[in-house]
Amino acid sequence: MSNRGEGVNWPLDESDEHGSRKTTGTVKKVWISAVENASKSLAEKVANEKKWRQNYHHIVNEIICEQAKDKQNALSIAENGLKEVYNQFTFIRDGKELLLKDAMETYTEDLFESVEFSGSSKPKSIDFGITVAELKDLAEKSEIEPDVADSMKVVLENSESFIETLKDTWFVLLGSTSELCPLKKLLELGLNVVAISRPSPKRQAKVIQLAKESSGKLIVPVRKVADKSKETSEICGADVTVDTPELRTWLLSLKKDKRLVIGSYIYLDGAAHVLASCAMDAIVKDLVDKRPGTALAYLMSPSTVYPIPAAAAEDAKARYDEMPFSDSVLSALMGPFKPNCPKTVLHDEGKDSEKSLKIHNGLANFQGPSYALAKTIQNWRCSLARESTVVSSNITPSCCTESVFHVAAAARVLRGMKYRFAPLTYYEPEWASNLMTALLIYDLCYPDSPANPQTHLDNPLELFSSNGVHSGFWRSPYESETIGKAAYFYGIFN
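Since this is a predicted model, take the numbers as computed values, not measurements. (Residues numbered from 1 in each chain as written. Predicted model: local features only at pLDDT ≥ 70, side-chain atom pairs only at ≥ 80, totals over all residues. Heavy atoms only, no water.)

Trainee: For the packing of aromatic side chains, give the residues involved together with the corresponding values.
Mentor: The tally for this structure, following the rule as stated, stands at 17 aromatic pairs. For the ring pair Trp 31 and Trp 380, a centre distance of 5.4 Å and an interplane angle of 70° mean the geometry is edge-to-face. With Trp 31 in helix α1 (residues 23–35) and Trp 380 in helix α16 (residues 369–385), the pair connects residues that are 349 residues apart, well separated along the chain. Trp 380 shares its class with Trp 31; the two are buried. (Phe/Tyr/Trp six-rings, centres within 6.5 Å; stacked < 30°, edge-to-face > 60°. Helix = DSSP H or I, 4+ residues; strand = E, 2+ residues; numbered from the N terminus. Buried < 20%, exposed > 50% of the residue type's maximum accessible area, 1.4 Å probe, protein only.)

This is the structure in structure tokens:
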């Protein structure tokens, strides 16, 4: 159940006399609408599942496998799923409730103005603090994929020309204070940033100070009615889930002669994460439609469903086949540990086996069905938008971020996985953010990147199978869901 005030909201449950906003029914409606044209049997399975919270991850895996069958399925499921999102989720303003899609057309007021800061530092040498050799070593350990090192090499060898290319680009960061957001590194590189996060004098002051000490430029939104006699940090900022339509309006008019890259970086717990994804998507959708050339950026979670390289799937299978005796004992006591065995899906109804995709189910049941929908909304937008514009969406590693480690159970599981179940691991947030920023630059500047719509992909889901910084999850011998109990146990003591 989720009840909140102004802004993007879950719809009212019409069958509940108390007027609650229950999440399960809405989530199922989205999945049903997404898949029913492609597979009526899957739609019926969603509708008839009584233990959705316990079994959603199996069904979601089947739906993404249906997307993987061919390009038409991938795009139609994404389109129908997002269409239902806009038919379900609502927006409340001053006690009036509209569908989110109607609110985006109704509230078009020019509410915000820009305050711009320029850094005082001279440009520094381009350095991500990560070497190609380091990444090759991590690939040898199966913590990341080999193409990550190759992409970093391209970025480092072309860093000056790439950065120069991006001088006329403005990076719009929705959720600019999130731990893995590229805010700091982009400013250090002398690039232009539009930082959007909730009003908070302390946090906003840090963002502004970062910009002033950098060689980059920063724009923050300020309400036109704000008291301009106050420090900018006291009056700037906006809530993406509350000021959704007005932020869209502001961004449509911002730096009209420049290219925008819209980064969706907000992460919230549970049902609120879905609302954030809906709000970000509403902004993204209008900007892609009305400002041609706008590029998109996401940090894709390893804990969803997507294709992985065949080499990674084969490595995971080989590791399982060579299960050490100690793991066999542990599996009997705290398992059983199931093989991390991606499902093989053939394109064109199986007529061409060379076009098969290995679909990895990274869903962790403890994260819940709201998390799965929140991230899939982003993946659906990636698939559709990449038809016409650049979309960067690389797998992001597990990190010891505050947003993850404040949940004791999640922290213990990750610690236990790193201690006991190689190649599973996690990284420091700053290191991961720097690496993901480098991969973003690769996607925006290198013409052969899969982010570029001119690069041929048989299926849009293949976007997610390159540059995998997956923390070992792709090549782990065991399905992560089945080692959770053992990992939690080891995490208590390590």
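Trainee: Just give me the short version of the sheet that holds strand β2 (residues 90–93), but keep the residues and values in it.
Mentor: Ordered in space as β1-β2-β3, the 3 strands form an open sheet in which the pairing is antiparallel. Lying at the two open borders of the sheet, with one neighbouring strand each, are β1 (7–9) and β3 (96–99). The mean inter-strand angle of the sheet, taken between neighbouring strand axes irrespective of direction, is 35°. (Pairing = 2+ DSSP bridges. Axes fitted to C-alpha atoms, helices over the stretch in contact; angles between N-to-C directions.)

Trainee: Which residues make up empty space enclosed by the protein, and what values do they have?
Mentor: Tallying each qualifying case throughout the model produces 4 cavities of 30 Å³ or more. Put simply, the largest cavity is a space of about 80 Å³. Forming the walls of the largest cavity are Leu 180, Pro 182, Tyr 265, Ala 297, Tyr 298, Leu 299, Ser 392, Asn 394, Ser 433, Met 436, Thr 437 and Leu 440. When contributions to the lining of the largest cavity are tallied by element, the ones reaching two or more residues are β9 (295–300), β13 (391–395) and α19 (429–445). (1 Å grid on protein atoms, 1.4 Å probe; cavity = no way out; pocket = protein on both sides within 12 Å on 5 of 7 lines; lining within 4 Å. Points joined across faces, edges and corners; volume = space filled by probe spheres on them.)

Trainee: Which residues make up the environment of Glu 387, and what are the values?
Mentor: Tracing the backbone shows Glu 387 in the loop between α16 and β13. Through-space distance from the C-alpha of Glu 387 to that of Pro 460 is 8.5 Å; in sequence the pair is 73 residues apart. With near-sequence residues (within four places) excluded, Glu 387 lies in contact with Lys 71, Leu 75 and Pro 453. (Contact = heavy atoms within 4.5 Å.)

Trainee: Tell me about the packing of helix α4 (residues 71–88) against helix α13 (residues 271–290), and name the residues and values.
Mentor: Angle between the axes and distance between the axes: these two values describe a pair of packed helices. One can describe the packing of α4 onto α13 by two numbers: an axis separation of 12 Å at closest approach and a directional angle of 110°. Here α13 runs roughly perpendicular to α4, going by the angle between their axes. In this structure, the crossing between α4 and α13 has a hand that is left-handed. Of α13, the residues touching α4 (which contributes Leu 82, Val 85 and Tyr 86) are Cys 278, Asp 281, Ala 282 and Lys 285. Within the contact of α4 with α13, the residues separate by chemical class into 5 nonpolar, no polar and 2 charged. (Parallel < 35°, antiparallel > 145°, perpendicular 65-115°, else oblique. Left-handed = near helix turned anticlockwise from the far one by under 90°. Nonpolar A, V, L, I, M, F, W, Y, C, P; charged D, E, K, R; others polar.)

Trainee: Residues and numbers for the packing of α4 against α16, please.
Mentor: It is the contact of α4 with α16, at a shortest axis distance of 9 Å, that shows an interaxial angle of 125°. Classified by the angle their axes make, α4 and α16 are oblique. The chirality of how α4 crosses α16 is left-handed. Residues Leu 75, Ile 77, Ala 78, Glu 79, Gly 81, Leu 82, Val 85 and Tyr 86 of α4 lie in contact with α16, whose contacting residues are Ile 377, Trp 380, Arg 381, Ser 383 and Leu 384. Residue composition of the contact of α4 with α16, by class: 9 nonpolar, 2 polar and 2 charged.

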